[in-house]
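# Observations on the three-dimensional arrangement
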Amino acid sequence: MISADEWLARGQQLELLGHRIFYVDEAARSEPRGTILLIHGFPTSSWDWWKVWQQLNRNYRLIAIDLLGFGFSAKPSPHDYRIMEQADLCEALADSLGLEQFHVLAHDYGDTVAQEMLARQNEELGVGKWQSCMFLNGGLFPETHRAVLAQKLLKSPVGFIFRHALTAKSLNKSFDHIFGETKASQEELDTFFELFDRDGGRRNVHRLIHYMSDRLEHRERWVGALSQATCPIGLINGNLDPVSGSHMVERFQEVVEGEHFIHHLPTVGHYPQVEAPDDVASAYESFLTGL
């Protein structure tokens, strides 16, 4: 396993829009076929991608960002964390790296960030030109997002109190609930918590959860971004995810018109790139090859 410190050593820090942002940027090892921007979920970080990294990095330049308030990036407090700002930061990174064409691979919270960025692409206001966007399990539709108890408590008026109850043990319990038949190892769970808690990250978690309200406020825009996508989009979904599993895919098929790449993972839960990395990487490469 790649440790948190090893992941940190592979990355860089960059000042973007007044914040220190961490990212990993590695060129394709052979026969370059393009660039992929990877956007992680809540409450974790870019480290989530380490299991699919080697396979995808064979033919693609990979750029993975730690969003503001997560992982090794700055965690200002107090701060009003919003999806719009996270999208601004992702675009600022793409602009600073001179990305003209690239693919996007997103998960969970990162799905929502990608939806806002996709809306900008559709309006021809985004940075660079997207070649595709692949979504892993996430709340693409607020009406199908089944929040776990911890999320509901964090979003409630007592969220600033409940954040203190988020220990390694409670986080492990939450992950055990949202994973499928393929559970995370204790070493992986420890690293999830280490990066979540790093630099006082726990103090912001009740503010980071605001994305759930953002999804409701901007539903028309962000769901519309899927229907109006000017680049190919698709889903790789862990069906056993109680938060955004097969029921989310069904809603996608109801709302988003047209034929789209959809790959089901029947025994997998909310973190497919951690639970079934080989299957995810192979399915994603199949999607990219078929473009």
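The rules we used
Residues numbered from 1 in each chain as written. Predicted model: local features only at pLDDT ≥ 70, side-chain atom pairs only at ≥ 80, totals over all residues. Heavy atoms only, no water. Axes fitted to C-alpha atoms, helices over the stretch in contact; angles between N-to-C directions. Helix = DSSP H or I, 4+ residues; strand = E, 2+ residues; numbered from the N terminus. Parallel < 35°, antiparallel > 145°, perpendicular 65-115°, else oblique. Left-handed = near helix turned anticlockwise from the far one by under 90°. Contact = heavy atoms within 4.5 Å. Phe/Tyr/Trp six-rings, centres within 6.5 Å; stacked < 30°, edge-to-face > 60°. Buried < 20%, exposed > 50% of the residue type's maximum accessible area, 1.4 Å probe, protein only. Expected span 1.5 Å × (residues − 1). Pairing = 2+ DSSP bridges.

## Notes on the packing of helix α4 (residues 109-122) against helix α11 (residues 219-227)
At a minimum axis separation of 8 Å, α4 and α11 run at an interaxial angle of 65°. Considering their axes alone, α4 and α11 lie roughly perpendicular with respect to each other. In terms of crossing hand, the pair formed by α4 and α11 is left-handed. Seen from α4, the contacting residues are Thr112, Gln115, Glu116, Leu118, Ala119, Arg120 and Asn122; seen from α11, they are Arg221, Trp222, Val223, Ala225 and Leu226.

## Some points on the packing of aromatic side chains
Here the structure, examined in full by the defined rule, presents 19 aromatic pairs. When the ring of Phe141 is compared with that of Phe252, the centres are 6.5 Å apart and the planes differ by 65°; the resulting orientation is edge-to-face. Of this pair, Phe141 sits in the loop between β6 (129-135) and α5 (149-155) while Phe252 sits in helix α12 (residues 246-255), and the two are 111 residues apart along the sequence. Judged by its relative accessible area of 1%, Phe252 is buried. Taken together, the ring pairs in this structure connect Trp47, Trp50, Phe175, Phe179, Phe192 and Tyr271 into an aromatic cluster.

## Looking at α4
With 14 residues, α4 ought to run about 20 Å at 1.5 Å a step, and its terminal C-alpha atoms sit 20 Å apart, in line with that. Among the 14 residues that make up α4, 14 are buried, leaving the element largely enclosed by the rest of the structure. Glu124 lies just past α4 and shows a positive phi near 60°.

## A short note on the sheet that holds strand β3 (residues 35-39)
Taken together, the eight strands give an open sheet; going across it, the order is β1-β2-β4-β3-β5-β6-β7-β8, and neighbouring strands pair in mixed fashion. If you trace the sheet from one side to the other, it starts and ends with β1 (12-16) and β8 (261-265), each paired once. Each adjacent strand pair in this sheet contributes to an overall mean axis angle of 25°, direction not counted. Sheet topology note: the β3/strand β5 (residues 101-106) ladder contains four bridges and is parallel. Counterpart to Ile39 in the pairing with β5 is Ala106. Relative to strand β4 (residues 61-65), helix α2 (residues 50-57) is tilted by about 155°, and along the sheet it contacts β2 (19-26), β3, β4 and β5. Contacting β3, β5, β6, β7 (233-238) and β8, helix α14 (residues 277-289) crosses the sheet at an angle of about 165° to β8.

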